Amino acid sequence: MGGVLAIETFVFLQFFELTFISVGGFDLSAQKLLAILLFPLALILIGRVSYAGLLFVLFVLMVLVNSTWYVVNGHALEGRAVSANLSALFVFIGSIVLFTALRVTDEGLRRLGDAWLRWSLVTSAVCLLQALSVFPLLTVPSEQLFMREAVAGFYRGVGFKADPNFQALMLVIGAGFVVSANLRLRIRLPSLVVIFVGILATFSRMGMLLFALTLLFGVWLSDAAAGNPLKGTVRSLGWAAGVTVFAVLILMTGLLPDSVSDYFTQRFREVASLGQLTALSTSPELDGSGNPTSAIARGLIALAAFRIWLANMWIGIGAHRSAELVFAETGFRNVAHNSYVELLVTGGLIGFVFLLVYFRPLLSLLPLLGSGRDRKDESTSPEAMSVLLTVLFAVAFLFLSLNYNSVLYLPVVIALAVTRRDANEWEGDP
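Remember, it's a predicted structure, so these values are computed and weren't measured experimentally.

1. Quick notes on the overall build of the chain
Then, in step 1: Within the chain, the regular secondary structure consists of 17 helices and six strands.
Then, in step 2: For the chain, with 430 residues in total, the buried portion stands at 49%.
Then, in step 3: A fraction of 72% describes how many contacts in the chain between residues 6 or more apart in sequence connect residues 24 or more apart.
Then, in step 4: Accessible surface for the chain amounts to roughly 19000 Å². Of this, 67% is attributable to carbon and sulfur atoms.

Below, the structure written as structure tokens:
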């Protein structure tokens, strides 16, 4: 009961975002309050805590990433550093609770996938209704609603989060569980269609890219892990063809309004314009308001953050300072929208070490693919699912800054739960 409560709570928190107040970069939110109430109860019901040394190492490294610049410059108790480390503590505690639940709960990974799929389906429906202006964007302040308008009469669905791109990532993770699970086609196909529609409703280019990667790589990976790489290739091509036909039918039959079709076309054309950032052109592509397009703005921000890192590559600039320094360089007050760059900018060399440790479990997963060892879960291959999730996050890091997000350690937790390392190496039960 405690394990199920922990899993259900963790998944619920990933789909909902309601902030009451923000102090120095630390958000006091409904999610944090709910975690404070339910995570201890779950652990009490479980009666034990499984710890993972790797998660603790990541927590310590993240604290160093956040704090080193402040400590060196004599501002160790600066509010931004304290709030960043409090966020890191919450992320660490959540990961430990989830890891414990996966260790002690029968078919823990399947339960996690079921819960994620359930909320993905509900959220996809909400996103679609929001895009059609049928359901309100409850978590978006009224003064920011204009930022969520894609085209006249259509809004970017956010579900119960504030940012459509973060909501799209949650839906993609749900699709990853569907692809990896041992589901019948009559369940799998409708689930993927609903999730795909939900991602379309967020108007997220990243979400669409990750969804395509999930189908192509995830399907192939599951079969390859079972010793059938050729079958995986055929199935991947089949899914790719199916999605392509589905998309073409939507466009040709006019199911999407012309304004929405034009929006998607323009959004992906913007990506091609990123070449202007490295070309000699001094007039990057502008949107209808005379400002740089979204893709160009993100590219300028990422390049500015990278230059800031080059000037501070040893100790970084400290937590919650990137937006102000990027603003000084570009006029855009925003973070790098890139977890790799954000970690390097914030923590310098320590941020690089964090990334090395973060992806360390992937090296342990690869030899287990197709091992055929006994499993309690009903997944086609928990190892394949874990590798897919790690790859999805590796790509998502290119588009989102997840430094302070509670989902950050999800691939690591699942990888550790799957590999079941010996107690004297990475994990143990005090």
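2. Details of helix α2 (residues 30–46)
Then, in step 1: With 17 residues, α2 ought to run about 24 Å at 1.5 Å a step, and its terminal C-alpha atoms sit 24 Å apart, in line with that.
Then, in step 2: A maximum bend of about 25° is found in α2 at I36, where proline P40 lies one to four positions downstream.
Then, in step 3: Turning to α2, its buried residues are Q31, K32, A35, F39, A42 and I46.
Then, in step 4: Looking at the residues trailing α2, positive phi occurs at G47, about 85°.

3. A short note on unusual backbone geometry
Then, in step 1: Phi is positive for S133, which is not a glycine, with a value near 65°.
Then, in step 2: Among the structural elements, S133 can be located in the loop between α5 (108–131) and β4 (149–151).
Then, in step 3: Taking the relative accessible area as the measure of exposure, S133 reaches 43% and is therefore partly exposed.
Then, in step 4: The phi dihedral of F203 is positive, around 55°, even though this residue is not glycine.
Then, in step 5: Within the secondary structure, F203 is located in the loop between α7 (185–202) and α8 (205–225).
Then, in step 6: Classification of F203 by relative accessible area gives buried; the value is 4%.

4. Section: the packing of aromatic side chains
Then, in step 1: One pass over the full model with this rule turns up 19 aromatic pairs.
Then, in step 2: Plain terms: the ring middles of F354 and Y409 are 6.5 Å apart, the flat faces sit at 40° to each other, and that makes the pair tilted. One end of the pair, F354, is in helix α14 (residues 349–358); the other, Y409, is in the loop between α16 (382–396) and α17 (410–419), with 55 residues separating them in the sequence.
Then, in step 3: For Y409, a relative accessible area of 3% translates into the label buried.
Then, in step 4: Three or more aromatic residues joined by ring pairs form one cluster here, namely Y340, F354, Y358, F359, F397 and Y409.
Then, in step 5: Here R321 stacks its cationic end above the ring of W69, 3.9 Å away from the centre of that ring.

5. Quick word on the pattern of salt bridges
Then, in step 1: Inspection of every chain in the model, using the stated rule, returns four salt bridges.
Then, in step 2: Linking E8 and R118 is a salt bridge whose minimum nitrogen-to-oxygen distance equals 2.9 Å. Of this pair, E8 sits in helix α1 (residues 2–15) while R118 sits in helix α5, placing them 110 residues apart in sequence.
Then, in step 3: Residue classification places E8 among the partly exposed residues on the basis of a relative accessible area of 27%.

6. Quick notes on the packing of helix α3 (residues 53–72) against α17
Then, in step 1: Running from amino to carboxyl end, α3 crosses α17 at an angle of 160°, the nearest separation of the two axes being 10 Å. By the criterion of interaxial angle, the relationship of α3 to α17 is roughly antiparallel. The element α3 and its partner α17 pack so that their crossing is right-handed. Between α3, through L54, L55 and L58, and α17, the contact on the second element is made entirely by V412, V413 and L416.

7. A few points about the side chain of T123
Then, in step 1: Take T123: it is sitting in helix α5.
Then, in step 2: Those residues in contact with T123 that lie beyond four places of it in its chain are F15, G159, Q167 and L171.

8. Some remarks on the confidence of the model for the chain
Then, in step 1: Looking at the chain as a whole, the pLDDT averages 78, with 73% of positions reaching at least 70.
Then, in step 2: Per-element mean pLDDT across the chain ranges from 38 in strand β6 (residues 427–428) up to 94 in α14.
Then, in step 3: Low pLDDT, under 50, characterises residues 279–290; the stretch is placed with 17 contacts to residues that sit more than four places away or in other chains.
Then, in step 4: Below pLDDT 50 for its whole length, residues 372–379 participates in 20 contacts with residues either more than four positions away or in separate chains.

9. Re the nonpolar core
Then, in step 1: Core analysis: the largest hydrophobic core is formed by 88 residues, its most contacted members being L55, L112, W116, Y409, L410 and I414.
Then, in step 2: Per element, the largest residue contribution to this core is eleven residues, and it comes from helix α6 (residues 164–180).
Then, in step 3: If sequence neighbours within four positions are ignored, Y409 has contacts with L55, L58, F59, M62, V91, F92, S95, F354 and Y358.
Then, in step 4: Of all hydrophobic cores here, the second largest spans nine residues; its members include I301, I317, V341 and L344.

10. Overview of a nonpolar patch on the surface
Then, in step 1: A cluster of nonpolar residues, L77, V82, L86, L89 and I93, forms a patch on the protein surface that exposes about 430 Å² of accessible area.
Then, in step 2: Here I93 is to be found in helix α4 (residues 79–104).

11. So, the environment of T346
Then, in step 1: The topology assignment puts T346 in helix α13 (residues 339–347).
Then, in step 2: Using a relative accessible area of 1% as the deciding quantity, one classes T346 as buried.
Then, in step 3: Taking the C-alpha atoms as reference points, T346 and M62, separated by 284 residues in sequence, lie 9.8 Å from one another.
Then, in step 4: Excluding residues within four positions of it along the chain, T346 makes contact with V65, N66, I315, G316, I317, G318, A319, N403 and Y404.
Then, in step 5: At 2.7 Å, the side chain of T346 and the backbone oxygen of E342 are in polar contact.

Cut-offs and rules
Residues numbered from 1 in each chain as written. Predicted model: local features only at pLDDT ≥ 70, side-chain atom pairs only at ≥ 80, totals over all residues. Heavy atoms only, no water. Helix = DSSP H or I, 4+ residues; strand = E, 2+ residues; numbered from the N terminus. Buried < 20%, exposed > 50% of the residue type's maximum accessible area, 1.4 Å probe, protein only. Contact = heavy atoms within 4.5 Å. Areas by Shrake-Rupley, 256 points an atom, 1.4 Å probe, with all protein chains shown as cover. Expected span 1.5 Å × (residues − 1). Bend = angle between axes of the 7 residues up to and from the residue. Phe/Tyr/Trp six-rings, centres within 6.5 Å; stacked < 30°, edge-to-face > 60°. Lys NZ or Arg CZ within 6 Å of the ring centre and 35° of its normal. Salt bridge = Lys/Arg side-chain N within 4 Å of Asp/Glu carboxyl O. Axes fitted to C-alpha atoms, helices over the stretch in contact; angles between N-to-C directions. Parallel < 35°, antiparallel > 145°, perpendicular 65-115°, else oblique. Left-handed = near helix turned anticlockwise from the far one by under 90°. pLDDT = per-residue confidence, 0-100. Core = buried A, V, L, I, M, F, W, Y, C linked by side-chain atoms within 4.5 Å. Patch = residues over 30% accessible without salt bridge, like charges linked within 9 Å, V, L, I, M, F, W, Y side chains within 5 Å. Polar contact = N/O pair within 3.5 Å; in protein donor to acceptor, adjacent residues only side chain to side chain.

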